[in-house]
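Next come the chains, spelled out residue by residue.
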Amino acid sequence: MAYPYTHEKEVRILSKHFGEPEARTVEGWKARGGYQTLSMAFEMGRNAIIDEVKASGLRGRGGAGFPAGVKWSFMPQDGGRPHYLLCNADESEPGTFKDRELLRWAPHQVIEGMIIAAYAIRAEQAYVYCRGEFFETTQILARAIEEAYEAGYLGKDILGSGVNVDITVHCGGGAYICGEETALMNSLEGRRGTPRIKPPFPAQAGYMGMPSTVNNVETLSSIPFIIQEGADAYRANGTAESPGTKLFCVSGHVRRPGNYELPLGFPLMELIDDVCGGMKEGRTLKGVIPGGSSVPILNAEECANCEMSFEGVIAAGSQLGCAAVIVMDDSTDIVKEVRRMVGFYAHESCGQCTPCREGSAWAEKILRRIEEGRGTEEDLDTLMEVTSQMEGTTICVLSDSVAAPVQSSINKFREEYLSRIRTGEKAGVA
Ligand SMILES: Cc1cc2nc3c(=O)[nH]c(=O)nc-3n(C[C@H](O)[C@H](O)[C@H](O)COP(=O)(O)O)c2cc1C
Ligand code: SF4
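Throughout this document, residue positions are counted from 1 along each chain, in the order its sequence is written. Numbering of ligands from 1 and lettering of chains from A proceed in the order in which they are written. For a predicted model such as this one, the threshold for reporting local features is a pLDDT of at least 70, and the threshold for listing and counting side-chain atom pairs is 80 or more; totals across whole chains, interfaces and linings nevertheless cover every residue. Only hydrogens and water are removed before side-chain values are computed, so all heavy atoms of the structure are retained for them.

1. Comments concerning the overall build of the chain
Move 1: Helix and strand assignments follow DSSP, with helices taken as H or I runs no shorter than four residues and strands as E runs no shorter than two, numbered in order from the N terminus. A tally of helices and strands in the chain yields 19 helices and 11 strands.
Move 2: Relative to its length of 430 residues, the chain is compact, with a C-alpha radius of gyration of 22 Å against a globular reference of 22 Å.
Move 3: When the backbone C-alpha atoms are referred to their principal axes, the chain occupies close to 75 × 45 × 35 Å.
Move 4: When contacts within the chain are restricted to residue pairs at least 6 apart in sequence, those whose partners lie at least 24 apart make up 69%.
Move 5: For the chain, the exposed area adds up to about 16700 Å²; of that, 50% sits on carbon and sulfur atoms.
Move 6: When charges are tallied, Lys and Arg are placed among the positive residues and Asp and Glu among the negative ones, while His and the ends of the chain are skipped. Where a charge lies is defined by one atom per residue type: Lys uses NZ, Arg uses CZ, Asp uses CG and Glu uses CD. Taken as two groups, the 43 positive and 58 negative side-chain charges of the chain have centres that lie 3 Å from each other. In this treatment the radius of gyration is a C-alpha quantity, and the globule benchmark scales as 2.2 Å times the residue count to the 0.38 power. Note on definitions: a residue-residue contact is assigned when non-hydrogen atoms from the two residues lie within 4.5 Å. Surface accessibility follows the Shrake-Rupley procedure with a 1.4 Å probe radius. Residue values consider only the protein chains on display as shielding.

Below, the structure is given as structure tokens:
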């Protein structure tokens, strides 16, 4: 067992070299087969790369699961204006810690993926937008980029191919909302990091008003394998609708929390009971947030047959999101947890949209009242009503992220709210 935990059921493609410090160096990465795909990709040409990524079925790992190859094909084919590739490394969703690990342990994998993606979409300039708190991570990445320049994998005329790609690292200021792709572009331009109304979409008018593609770190890290091994090899893991492997960040009340790379579609209960060693001593499962704090909570019954693919988690009643699996046992105070999540979103709301700005603050206030034993049953109706007005009415979906935990917890754990309202005490076991 290495990196702090691994499991025999893992299929370690992206995380193969996690825990090996030498893999961070350009020489160490080359010794592990790295950077072989660049010449292959330049020989294939842009259209063939996009077709291969489309055929692989790779879906974006930043949360929405949009097919990466399709997104790339939206970029204009003319060469008239500068194009940009933006790698989203803002990773701030509560429960997520996979992009940080990809950047810390396999920085050259994402650099290699970015060079191929930039070439495919005709971008000569790419940026990595890093979460502000990723101090060590950013330094590791910056060093890897420097080494890639020295080795001739970045800059002008890469490997004599005539292809030019520059990568610049930019550190955010620690705002969750800058992970939203249009806020990210504003922030990168030096403006206030607030989301823009879409359309226009980034492929039409993105960074600096130019055609741009935004992809998550894990999405871009998957590209070298797809180019090297082909779309069929990629599809050998996962399901037809959700091909490939995925890094699942498991946190909460399991014995071995951590990042585990598994085929999409892996059963949730096997992930908890086997891969993560089961619940903590003497505890039982109360619920799981399967995709980061912005998706609906599943109760234990819904977890029983949940498969961790994009379609499987929807069928169970939630969303895969970025696959940050937060496991809660019977000691969990649901009211407190939901209040804390809503408090996070209220703090991170950029304030442009009234339903989000006012709704998140009101929801937090009401939840705190209930938590402190000063709530009424009517408060539950108010919470449902306020949050229903926050869905689909705003510029970005941060607002919907407030509605998901509030509504799902009231629907599925109503008794806990009622008990708190009646007795002022936390329900269930200590
Ligand atoms: C409030 C909010 C925060 C987001 N934060 C992130 C983030 O930290 N990292 C990320 O990759 N995507 C984040 N996204 C999704 C991005 O807008 C975008 O869809 C994603 O980076 C696209 O990459 P992909 O297609 O490779 O998944 C966020 C979206 C919203 C609405
Ligand atoms: S939904 Fe919230 S975070 Fe998103 S743009 Fe509107 S106010 Fe800002």
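2. Let's talk about the sheet that holds strand β3 (residues 166-171)
Working definition: the strands of a sheet are paired by backbone hydrogen bonds and lie parallel or antiparallel to each other.
Move 1: Pairing between strands is defined by DSSP: at least two bridges between them are needed. Reading across from one edge, β3-β2-β1-β4 is the order of the 4 strands in this open sheet, with parallel pairing throughout. Either end of the sheet is taken by a strand with one partner, and the two such strands are β3 and β4 (212-216). Along the sheet, successive strands turn relative to each other by an average axial angle of 20°, direction set aside.
Move 2: Pairing of strand β1 (residues 83-89) with β4 involves 5 bridges; the strand directions are parallel. Across the sheet, Leu-86 pairs through a bridge with Val-214, a residue of β4.
Move 3: For helices, the fitted axis covers only the stretch in contact; all axes are lines through C-alpha atoms, and the angles between them, taken along N-to-C directions, range from 0 to 180 degrees. Set on the sheet, helix α7 (residues 135-150) makes contact with β2 (123-130) and β3; between it and β3 the angle comes to about 165°.

3. Topic: the nonpolar core
Move 1: The biggest cluster of nonpolar side chains holds 56 residues, and the ones touching the most others in it are Trp-72, Ile-111 and Ile-115.
Move 2: With sequence-adjacent residues up to four places away left out, Trp-72 is seen in contact with Ile-49, Ile-50, Val-53, Ala-117, Ala-120, Ile-121, Thr-213, Asn-215, Leu-220 and Ile-223.
Move 3: Definition of nonpolar core: a set of buried residues of the types Ala, Val, Leu, Ile, Met, Phe, Trp, Tyr and Cys, connected through side-chain atoms within 4.5 Å. For the exposure calls, accessible area comes from a 1.4 Å probe over protein chains only, and a residue counts as buried if that area is under 20% of its type's maximum, exposed if over 50%, partly exposed in between. Judged by nonpolar contacts, the second largest core, of 32 residues, contains Met-328, Cys-396, Ile-410 and Ile-421.

4. Re the site of ligand 2
Move 1: Being near a molecule or strand, for a residue, comes down to having at least one heavy atom within 4 Å of it. The environment of ligand 2 is made up of 13 residues, and the closest members are Cys-350, Gln-352, Cys-353, Cys-356 and Cys-396.
Move 2: Taken together, the residues of the shell around ligand 2 sort by class into 8 nonpolar, 5 polar and no charged. Residues are sorted three ways: Asp, Glu, Lys and Arg are charged, Ala, Val, Leu, Ile, Met, Phe, Trp, Tyr, Cys and Pro are nonpolar, and all the rest, Gly among them, are polar.

5. Examining the site of ligand 1
Move 1: Residues in close proximity to ligand 1 total 18 residues, the closest being Gly-62, Lys-71, Asn-215, Asn-216 and Thr-219.
Move 2: At a separation of 3.3 Å, a nitrogen atom of ligand 1 approaches a polar backbone atom of Gly-179.
Move 3: Between ligand 1 and the protein, one listed contact pairs an oxygen atom with a side-chain N or O atom of Thr-219 at 2.7 Å.
Move 4: Counting residues per element, the shell around ligand 1 draws most heavily on β4, which supplies 3 residues. In protein, a polar contact means a hydrogen-donor-capable atom and an acceptor-capable atom, both N or O and within 3.5 Å, with residues adjacent in sequence counting only if both atoms are side-chain atoms; elsewhere, any N or O pair within 3.5 Å suffices.

6. Quick notes on helix α16 (residues 354-371)
Move 1: One less than the residue count of a helix, multiplied by 1.5 Å, gives the span that helix is expected to have. Here α16 is 18 residues long and its end C-alpha atoms lie 25 Å apart, about the 26 Å a rise of 1.5 Å per residue gives.
Move 2: When α16 is considered as a whole, its buried residues turn out to be Cys-356, Gly-359, Ser-360, Ala-363, Ile-366, Leu-367, Ile-370 and Glu-371. Along α16, the residues classed as buried sweep out an arc of 135° about the axis, all on the same side.
Move 3: Of the surrounding elements, those touching the buried residues of α16 are α15 (334-348), α17 (377-388), α18 (398-412) and α19 (414-423).
Move 4: Phi turns positive one or two residues past the end of α16, at Gly-373, with a value near 80°. Along the arc lie the directions from the helix axis toward the C-beta atoms.

7. Quick word on the packing of α16 against α19
Move 1: Between α16 and α19, the least distance of the axes is 8 Å, while the angle of their chain directions is 65°. Contacts between α16 and α19 involve Leu-367, Ile-370 and Glu-371 from the first element and Tyr-417, Arg-420 and Ile-421 from the second.
Move 2: Tallied by class, residues from the contact of α16 with α19 come to 4 nonpolar, no polar and 2 charged.

8. Remarks on the side chain of Ser-294
Move 1: Position of Ser-294 among the secondary structure elements: in the loop between β8 (285-289) and β9 (298-299).
Move 2: Given a relative accessible area of 19%, Ser-294 falls into the buried group.
Move 3: At a separation of 2.6 Å, a polar atom in the side chain of Ser-294 contacts the side chain of Glu-93.
Move 4: In this structure, Ser-294 is in contact with Glu-93, Tyr-345, Ser-401 and Ala-404, ignoring residues within four places of it in sequence.

9. Digging into unusual backbone geometry
Move 1: In this chain, Lys-198 is followed by Pro-199 through a cis amide linkage whose omega measures -5°.
Move 2: By the element assignment, Pro-199 lies in the loop between α8 (181-188) and β4.
Move 3: Cis geometry is adopted by the peptide bond preceding Pro-200, which originates at Pro-199 and carries an omega value of 5°.
Move 4: With respect to the element layout, Pro-200 can be found in the loop between α8 and β4.
Move 5: Positive phi, close to 50°, is recorded for Leu-159, a residue that is not glycine.
Move 6: Relative to the assigned elements, Leu-159 resides in the loop between α7 and β3.
Move 7: Here Met-208, not a glycine, exhibits a phi torsion of approximately 55°, which is positive.
Move 8: Its place among the elements puts Met-208 in the loop between α8 and β4.

10. A closer look at the domain arrangement of the chain
Move 1: Marked domain ranges trace back to an automatic or database domain assignment. Under the domain assignment used here, the chain contains domain 1 (21-235), domain 2 (245-329) and domain 3 (334-423).
Move 2: Each partner contributes residues to the interface: domain 1 has 12 residues there, and domain 3 has 8 residues.
Move 3: Here's the idea: put two parts together, see how much 1.4 Å probe accessible area each one loses, and the total over both is what we call buried area. For the domain 1 and domain 3 pair, buried surface summed over both sides reaches about 840 Å², with 69% attributable to carbon and sulfur atoms.
Move 4: On the domain 1 side of the interface with domain 3, the three residues burying the most area are Tyr-176, Ile-177 and Pro-195, jointly 52% of the side's total.

11. Some remarks on the pattern of salt bridges
Move 1: For this document, the term salt bridge refers to a Lys or Arg side-chain nitrogen within 4 Å of an Asp or Glu carboxyl oxygen. Per the counting criterion, the structure on display carries 31 salt bridges.
Move 2: When the shortest N-O distance is used, the salt bridge between Arg-143 and Glu-147 registers 3.7 Å. With Arg-143 and Glu-147 both in helix α7 and 4 residues apart, the pair spans about one turn of that helix.
Move 3: Classification of Arg-143 as partly exposed rests on a relative accessible area of 39%.
Move 4: A salt bridge links Glu-371 to Arg-339; the shortest N-O distance between them is 2.5 Å. Within this pair, whereas Glu-371 is found in helix α16, its partner Arg-339 is found in helix α15, the two being separated by 32 residues in sequence. Across this residue pair, the class does not change: Glu-371 and Arg-339 are buried.
Move 5: Counted as one network, the salt bridges with shared partners bring together Lys-98, Asp-99, Glu-218 and Lys-246.

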